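Descriptive analysis of the structure
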Amino acid sequence: MLLRDISVVDENYEVREHQNIITEGDAIAYIGPELPADYRGESYDGRNKAAMPGFFNAHCHVPMTLIRGYGEGLPLDRWLNERMFPFEALLTADDMYWGALLGIAELLQSGAVSFTDMYMEMDGICRAVEQSGIKANLSHGTSAFSPEAHFTDTNGYKGLAYLMEYQKTAANDRIIGEASIHAEYTCTDTVAREVADFARAHGLRIHTHLSETRKEHEECKARRGGLTPAAWMERLGVFDAPVTAAHCIWVEDADIEILARHGATAVTCPSSNLKLGSGIAPVKKLLDAGVRVAIGTDGAASNNNLNCIEEVNLASILQKGATGDPLFLGPRDTLELACRAGALAQGRTGCGCLKAGNRADLVVYDLDKPHLQPVYDLLSNLLYSAQAGDVALTMVDGRVVYRDGEFPTIDLEQAIWNAGRIRDEKLARLAANC
Ligand SMILES: [Zn+2]
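Residues numbered from 1 in each chain as written. Predicted model: local features only at pLDDT ≥ 70, side-chain atom pairs only at ≥ 80, totals over all residues. Heavy atoms only, no water.

**Brief notes about the state of the cysteines**
This model, assessed by the stated rule, comprises zero disulfides. Free of any disulfide, Cys 126 has its nearest cysteine sulfur in Cys 60, 15 Å distant. Free of any disulfide, Cys 339 has its nearest cysteine sulfur in Cys 353, 8.8 Å distant. Of the residues examined, Cys 339 reaches a relative accessible area of 0% and is grouped as buried. (Disulfide = S-S within 2.5 Å. Buried < 20%, exposed > 50% of the residue type's maximum accessible area, 1.4 Å probe, protein only.)

Rendered as structure tokens:
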């Protein structure tokens, strides 16, 4: 595809006007002012539009769209135990497929090209990712409570084995399987150590939740002889694999050193963290210590949407407010977190910025909107004024997967109908069990 006469957010996250982008196969072949005379492929009019690198949503539970808005108004432990866990226990692989498809539509429409996910029933989620054309690093959260349990006994292991088999026969590298420890408070020493050993032996990344709530962080210290969740994981070898650690709100200075020392990625999920009353991640401290920080939506049950444009905006302004520094995390630095850091957290090189040779993962914004005019500083309009409805086109690996309200790979009407059907079926079963 040739995107003609378009504003481009380049590899340094600076704006270049009146550019032409040519994509070939899954890559960007050319970005520059010259217009090829003999181009024969599809041509896209880029006037009054801007091309940005797509977002890499670094922490999600995509099928949780099915539980959006269910159990509002409860404190966290009651919300989890009385609403989330009983509902999730009823979800099948087919339900996951529909929930994931709905969530992926939301992601593509708000400028995401990839997401890192932890959930269950990998076959349903893989099917949705494969069909939709988005990229994803998928994992099945590993939980274990019995001291006798081993990793190979867990559903987390079965899910990972499925993903590893899937990757062997996949026609592309859009799906990457990761190991996962759901969290410190849902895992034993034995199983966490075995996950770490397995990940290291097979060159896998590990996705986990880390110090999301003060309660979780303090209870870990009380239970594990003063060790914080990060210190506990380090002792078991978890950080010897590349780790994506969601939340990191209550991490202490020594924990931040652990993350930095091992090249782990901390993922801030501001909407979810604020809505659940968990707190605000110390992003400045993490960055100052050299920790890679990425941005995630978390699941739609706690966010309550997967709108990446809103998440990236909030990540920036929340940190300005929290630090009292209006210059902290400006548009360029925020894009660095949302795009390049997210791509690196997924182990994807050649992604995360627009330049020739990189994957053609791009998002086109329509600037012909009341809230996007006038333009003094395009980047600040894209970060602080844009809405998800401004995305005109999303391309992943050179393939258009969203354009002008249409999803060429997703029957949205069918996904919405099935989400409603699943809601009704599960509520009836839950009522019958009472
Ligand atoms: Zn989460």
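Past the structure itself, the notes keep going.
**Quick notes on the sheet that holds strand 9 (residues 175–177)**
Reading across from one edge, 6-7-8-9 is the order of the four strands in this open sheet, with parallel pairing throughout. The open sheet has two edge strands, strand 6 (55–60) and strand 9, and neither has a second partner. If you compare each strand with its neighbour and ignore which way they point, the axes differ by 15° on average. Inspection of the sheet shows strand 8 (residues 135–140) paired to strand 9 by three bridges, in the parallel sense. Across the sheet, the residue bridging to Asn 137 is Ile 176, located in strand 9. Strands in contact with helix 3 (residues 122–132) are strand 7 (112–119), strand 8 and strand 9; relative to strand 8, the strand with the most contacts, it is inclined by about 180°. (Pairing = 2+ DSSP bridges. Helix = DSSP H or I, 4+ residues; strand = E, 2+ residues; numbered from the N terminus. Axes fitted to C-alpha atoms, helices over the stretch in contact; angles between N-to-C directions. Contact = heavy atoms within 4.5 Å.)

**Thoughts on the coordination of the zinc ion**
At 2.1 to 2.5 Å from the zinc ion lie its protein donor atoms, namely His 59 (NE2), His 61 (NE2), His 209 (NE2) and Asp 298 (OD). Metal-centred angles of 83 to 178° between the four donor atoms at the zinc ion mark the site as irregular. Counting residues between consecutive donors of the zinc ion along the chain gives the motif H-x1-H-x147-H-x88-D. Of this pair, His 61 sits in the loop between strand 6 and helix 1 (76–88) while His 209 is found in strand 11 (residues 206–210), placing the two residues 148 residues apart along the sequence. Here the two residues His 61 and His 209 agree in accessibility, since each one is buried. (Donors = N, O, S within 2.8 Å, 3.2 Å for Na, K, Ca; no water. Tetrahedral: all angles 85-135°; square planar, octahedral: opposite > 155°, others 65-115°.)

**A closer look at the pattern of salt bridges**
Enumeration over the complete set of coordinates arrives at 30 salt bridges. Here Arg 16 and Asp 10 are joined by a salt bridge, their closest N and O atoms 3.3 Å apart. On the basis of relative accessible area, Arg 16 is assigned to the partly exposed category, the value being 29%. The buried category is assigned to Asp 10, whose relative accessible area is 6%. For the salt bridge of Asp 240 with Arg 200, the shortest nitrogen-to-oxygen distance reads 3.7 Å. With a gap of 40 residues between them, Asp 240 in the loop between helix 7 (229–235) and strand 12 (243–247) and Arg 200 in helix 5 (residues 189–202) connect regions that are remote in the sequence. Overall, the relative accessible area of 40% leaves Arg 200 in the partly exposed class. (Salt bridge = Lys/Arg side-chain N within 4 Å of Asp/Glu carboxyl O.)

**A look at the UniProt feature "domain: Amidohydrolase-related" (unreviewed entry) in the protein chain**
In the UniProt entry, the feature "domain: Amidohydrolase-related" (unreviewed entry) is given for residues 51–401. What you have in residues 51–401 is 43% helix and 18% strand, and the ends, taken at the C-alpha atoms, are 15 Å apart. (UniProt positions renumbered as here; feature names shortened; annotations may be inferred.)

**So, empty space enclosed by the protein**
Inspection of the entire model under this criterion finds one cavity of 30 Å³ or more. Volume-wise, the largest cavity comes out at about 40 Å³. Of all the secondary-structure elements, those providing two or more residues to the lining of the largest cavity are strand 6 and helix 12 (308–323). Looking at the lining of the largest cavity, its residues break down into six nonpolar, three polar and one charged. (1 Å grid on protein atoms, 1.4 Å probe; cavity = no way out; pocket = protein on both sides within 12 Å on 5 of 7 lines; lining within 4 Å. Points joined across faces, edges and corners; volume = space filled by probe spheres on them. Nonpolar A, V, L, I, M, F, W, Y, C, P; charged D, E, K, R; others polar.)

**A look at the layout of surface pockets**
Quantified by volume, the largest pocket comes out at close to 1300 Å³. Looking at the largest pocket, it is lined by 46 residues, and the ones nearest its centre are Leu 80, Phe 85, His 182, Tyr 185 and Thr 186. Put simply, the parts of the chain that give the lining of the largest pocket at least two residues each are helix 1, strand 7, helix 4 (155–169) and helix 6 (214–223). The element that contributes the greatest number of residues to the lining of the largest pocket is helix 1, accounting for eight residues. Split by residue class, the lining of the largest pocket holds 16 nonpolar, 19 polar and eleven charged.

**A look at helix 4**
Here helix 4 is 15 residues long and its end C-alpha atoms lie 22 Å apart, about the 21 Å a rise of 1.5 Å per residue gives. For helix 4, the complete set of buried residues consists of Gly 156, Gly 159, Leu 160, Leu 163 and Tyr 166. The buried residues of helix 4 occupy an angular sector of 120° when the element is viewed end-on, so they sit on one face. Turned more than 90 degrees from where helix 4 packs its buried face, Lys 158, Lys 168 and Thr 169 sit exposed. Looking at the buried residues of helix 4, the elements they touch are helix 3, strand 8, strand 9, strand 10 (179–183) and helix 5. (Expected span 1.5 Å × (residues − 1). Arc of directions from axis to C-beta.)

**Examining helix 12**
Residues spaced three or four apart along an α-helix point in a common direction, a consequence of the helix completing one turn every 3.6 residues. Between the first and last C-alpha of helix 12 there are 22 Å, a value that for 16 residues agrees with the 22 Å anticipated at 1.5 Å per step. Those residues of helix 12 lying buried are Cys 308, Ile 309, Glu 311, Val 312, Asn 313, Ala 315, Ser 316, Leu 318, Gln 319 and Lys 320. At the N-terminal boundary of helix 12, the capping side chain belongs to Asn 307, with an oxygen 3.0 Å from the backbone nitrogen of Ile 309. Within two residues after helix 12, Gly 324 carries a phi angle of roughly 70°, on the positive side. (Polar contact = N/O pair within 3.5 Å; in protein donor to acceptor, adjacent residues only side chain to side chain.)

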